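Here is what each chain is made of, one letter per residue.
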Amino acid sequence: MRCLITGGAGFIGSHLTEHLLGLGHEVVVLDDFSTGSERNLAPFSGHPGLVRVVRGSVCDRETVESCMTGVDAIYHLAAAVGVFTILGNTLDCLRTNLHGTETVLETARAHGVPILVASTSEIYGKNTADGLSEEADRVLGSPLKNRWSYAEAKALDETLAHLYGVEYGVSTVIVRLFNTVGPRQSGQYGMVIPRFVGQALAGEPITVFGDGTQVRCFCHVHDIVPALVTLLEDADTHGTVYNLGNSEQISITALAQRVVEATGSSSPVVKVPYEQAYGPGFEDMQRRIPDCTRARERIGFRPRRTLDEIIAAVAEDLERQGREIPAS
Ligand code: UDP
């Protein structure tokens, strides 16, 4: 098969590119290199199956069209991501996340190819249920609070994908990713694990935002990527949405301590008020716990990597690449 990966130079996209190449597929990467990087593609840039890397925007129909020669499937991962990114450039991010998805869906429709649309657990907003199933309600703050614009855009992307399936017969599958982490993820856009590990390795204070009681579940990207491929390649799974994540819960304070222990760091753990970290009026999610029963029953999805393995992998990656995590 030949697959188009939008956002293929990003964190998850580059792992997906690598995985598909390993399966013997050909890959076309479309990326605007806003948060993606050449370095993410470097390990396999000479691979004969990597057909083309196209630098451009998913909002530009001609560019997307130019990637489609011989393409049998689309993985639409391109998006403006990271809380710092969204808060720093809210309107542009909203446009990218709305128009980009519509453009890629329109292209999938024109070519009659199946498409996987990457969504996010962020769409559940402030729902603190102990296990968010795909049918769980969305509990969002005001649409005038910039943080929620990412959830708003992604939820509309899902609705668009759903309707392209129902009304136009496009074969679509939607995945909601819960805090996917691992090597190559950058802390620069706000993601907590590369930030904490980077701070620990540099001996800088580990910055826990808010009171640190907020809970997340972190899933290794290597557990996620094969599931994306299985879901898109199995037509029986199309036409619906799947949560993908790990159910191991941890508070952000406990995460900071775990990172200190795992890296043998002498960094202190400090609390930073949300307002200082993100600006006034910021609302966080107190708990975000996935229920992945649907994915487990349909494709046998079972994440295997533990949080300790994740921290070790991120530390090794940051040390190897000498990546600098900006001080908070
Ligand atoms: N966080 C933190 N320190 C940081 C970066 C993030 O305490 O340096 C917190 C953040 O406020 C949130 C959690 O860690 O409560 C997860 O943040 P991330 O941006 O990784 O993911 P999301 O908020 O989308 O779950």
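Our subject is the structure that appears above.
Fair warning: this is a prediction, and the values are worked out from it, not measured in the lab.

Novice: Is there a simple way to explain the site of the ligand in this structure?
Specialist: In the vicinity of the ligand, 19 residues are found, and the nearest of them are Thr207, Phe209, Arg216, Asp284 and Arg288. Within the backbone of phenylalanine 209, one N or O atom sits 2.7 Å away from an oxygen atom of the ligand. The separation between an oxygen atom of the ligand and a polar side-chain atom of aspartate 284 is 2.5 Å. Protein contacts shield 94% of the accessible area of the ligand, which totals 520 Å² for the unbound molecule. Taken together, the elements giving at least two residues each to the shell around the ligand come down to α7 (192-202), β8 (206-209) and α10 (274-278). Of the residues belonging to the shell around the ligand, the class tally is nine nonpolar, four polar and six charged.

Novice: Looking at this model, I keep getting lost on helix α12 (residues 307-321). Mind explaining?
Specialist: In an α-helix, one turn spans 3.6 residues, which is why side chains three or four residues apart end up on the same side. For α12, with 15 residues, the first-to-last C-alpha span of 21 Å sits near the 21 Å given by 1.5 Å per residue. Those residues of α12 lying buried are Leu307, Ile310, Ile311, Ala313, Val314, Ala315, Asp317 and Leu318. Considering only its buried residues, α12 is in contact with β7 (180-181), α7, β10 (219-220), β12 (249-251) and α9 (252-263). The first or second residue beyond α12 is glycine 322, which carries a positive phi of 60 degrees.

Novice: Before we go on, may I ask you to explain the pairing of strand β5 (residues 115-120) in this structure?
Specialist: Each regular strand shows side chains that alternate between the opposite faces of the sheet. Within β5, six of the six residues are buried, leaving the element largely enclosed by the surrounding structure. Across the two faces of β5 the burial is the same, with Ile115, Val117 and Ser119 and Leu116, Ala118 and Thr120 all buried. In terms of strand pairing, strand β4 (residues 73-76) meets β5 through three bridges, oriented parallel. Looking at β5, one finds that histidine 76 is bridged to valine 117. As paired elements, β5 and strand β6 (residues 172-177) share six bridges and run parallel to each other. Within the sheet, the bridge partner assigned to serine 119 lies in β6 and is arginine 176. Assessed by its sense of winding, the connection that carries the chain from β5 through helix α6 (residues 148-168) to β6 is right-handed.

Thresholds, definitions, all that
Residues numbered from 1 in each chain as written. Predicted model: local features only at pLDDT ≥ 70, side-chain atom pairs only at ≥ 80, totals over all residues. Heavy atoms only, no water. Near = heavy atom within 4 Å. Polar contact = N/O pair within 3.5 Å; in protein donor to acceptor, adjacent residues only side chain to side chain. Areas by Shrake-Rupley, 256 points an atom, 1.4 Å probe, with all protein chains shown as cover. Helix = DSSP H or I, 4+ residues; strand = E, 2+ residues; numbered from the N terminus. Nonpolar A, V, L, I, M, F, W, Y, C, P; charged D, E, K, R; others polar. Expected span 1.5 Å × (residues − 1). Buried < 20%, exposed > 50% of the residue type's maximum accessible area, 1.4 Å probe, protein only. Contact = heavy atoms within 4.5 Å. Pairing = 2+ DSSP bridges. Right-handed = clockwise from strand over helix to strand, strands pointing away.

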